[in-house]
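What the coordinates show
Here are the chains, one letter per residue:
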Amino acid sequence: MLSFSAQPYDYSLPADLHQLALVIIDMQRDFLEPGGFGDALGNDVSRLQAIVPPLKRLLTLFRALRLPIVHTLECHQPDLSDCPMSKRDRGNGKLKIGDEGPMGRILILGEPGNAIIPELAPLPGEIVITKPGKGAFYATPLQLQLQERGITHLLLTGVTTEVCVQTTMREANDRGYECLMVEDCTESYFPDFKQATLEMVRAQGGIVGWTTTSAQIICTLE
Ligand code: TIU
């Protein structure tokens, strides 16, 4: 059985590598570019760019090996019917979910600003999950799609570490998936929160799962 070095201990790969999926959370213009949702919440969005090159390398490898890839988008329907008022009203920014911004309506499905960044745009055949919440399992067909393909192991990447990535990882862990967060392929607006998330994931013998670097994964799978 293949494994690679991870924290808190080695991560074992499934016997059939097709049971391993790369999950890329919310790498959307809304979170990475000025004028989107992340910016409207008052964040410095520029620091999320650092993960694009390593994440692109991991995505390219998964494509070359024909292994499953899942992309998620945080978004809402244009009529906001799937957006709780509690979510829309939260925060002090001038622009709220559904308001018109420089890249179209904030966090609305189909708007230019809601798209995945071009470097990581999904290809036909890859799973794309649109989600109204922070976790990718809530109110989505993700679990069904994973079950249909026999996927049991997940590599978690994307933004932001302590919000949508961690929420999704916890949801997946409770559903029995073997989850690993890729340290250099996830980022937060708050460096301390990223570090704390990595530590809380792998504490207590891997209470939520494992963490490792993309280099470990790439040199094992290549
Ligand atoms: N605000 C923040 O850090 N994140 C989100 O609102 N969504 C995701 O993490 N995708």
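Per chain, residues are indexed from 1 in the order of the written sequence. The predicted nature of this model means local features are confined to residues of pLDDT at least 70 and side-chain atom pairs, given and counted, to a pLDDT of 80 or more, with totals for whole chains, interfaces and linings taken over all residues.

The name recorded for the protein in an unreviewed UniProt entry is Cysteine hydrolase, from Thermocoleostomius sinensis A174.

Scanning the protein from terminus to terminus reveals eight helices and ten strands. Its C-alpha atoms give the protein a radius of gyration of 17 Å, within 12% of the compact-globule value 17 Å for 222 residues. Expressed along its principal axes, the backbone C-alpha trace of the protein runs to roughly 50 × 35 × 30 Å. Working definition of burial: number of other C-beta atoms within 10 Å of the residue's own, with buried at 20 or more, exposed at 12 or fewer, and partly exposed in between, all C-beta atoms being placed from the backbone. The buried share of the protein, reckoned over its 222 residues, is 41%. Secondary structure elements are taken from DSSP: a helix is a run of H or I of four residues or more, a strand is a run of E of two residues or more, and numbering for both begins at the N terminus. All radius of gyration figures rest on C-alpha atoms, and the globule criterion is 2.2 Å times the number of residues raised to 0.38.

As a rule, any residue with its backbone-derived C-beta atom within 6 Å of a molecule or strand is reported as near that molecule or strand. Around the ligand, the neighbouring residues are D26, F31, G38, L41, E74, K134, V159, T160, V163, C164 and Y189. Residues that form the shell around the ligand fall into these classes: six nonpolar, two polar and three charged. All residues other than Ala, Val, Leu, Ile, Met, Phe, Trp, Tyr, Cys, Pro, Asp, Glu, Lys and Arg, Gly among them, are scored as polar; the first ten of these are nonpolar and the last four charged.

Relative to the elements of secondary structure, C179 occurs in strand 9 (residues 178-187). Note on C179: 24 C-beta atoms within 10 Å, which makes it buried. By definition, residue pairs are in contact when their C-beta atoms, positioned from the backbone, come within 7 Å. Other than its neighbours up to four places away in sequence, C179 contacts L154, L156, M169, A172, N173, V208 and G209.

Lines fitted to C-alpha atoms define the axes, with helix axes restricted to the stretch in contact, and inter-axis angles between N-to-C directions lie between 0 and 180 degrees. In the contact formed by helix 6 (residues 161-174) and helix 7 (residues 191-206), the axes pass within 10 Å of each other and the chain directions differ by 20°. The pairing of helix 6 with helix 7 is recorded here as roughly parallel in orientation. In this structure, helix 6 meets helix 7 at a crossing whose hand is right-handed. When helix 6 is examined against helix 7, the residues T161, E162, Q166 and M169 are found in contact with a partner set consisting of F193, K194, T197 and V201. Class assignment for the residues of the contact of helix 6 with helix 7 results in three nonpolar, three polar and two charged. Oblique is the label for every angle not falling under 35 degrees (roughly parallel), over 145 degrees (roughly antiparallel), or within 65 to 115 degrees (roughly perpendicular). Left-handed describes a crossing whose near helix is turned anticlockwise from the far helix by less than a right angle; the clockwise case is right-handed.

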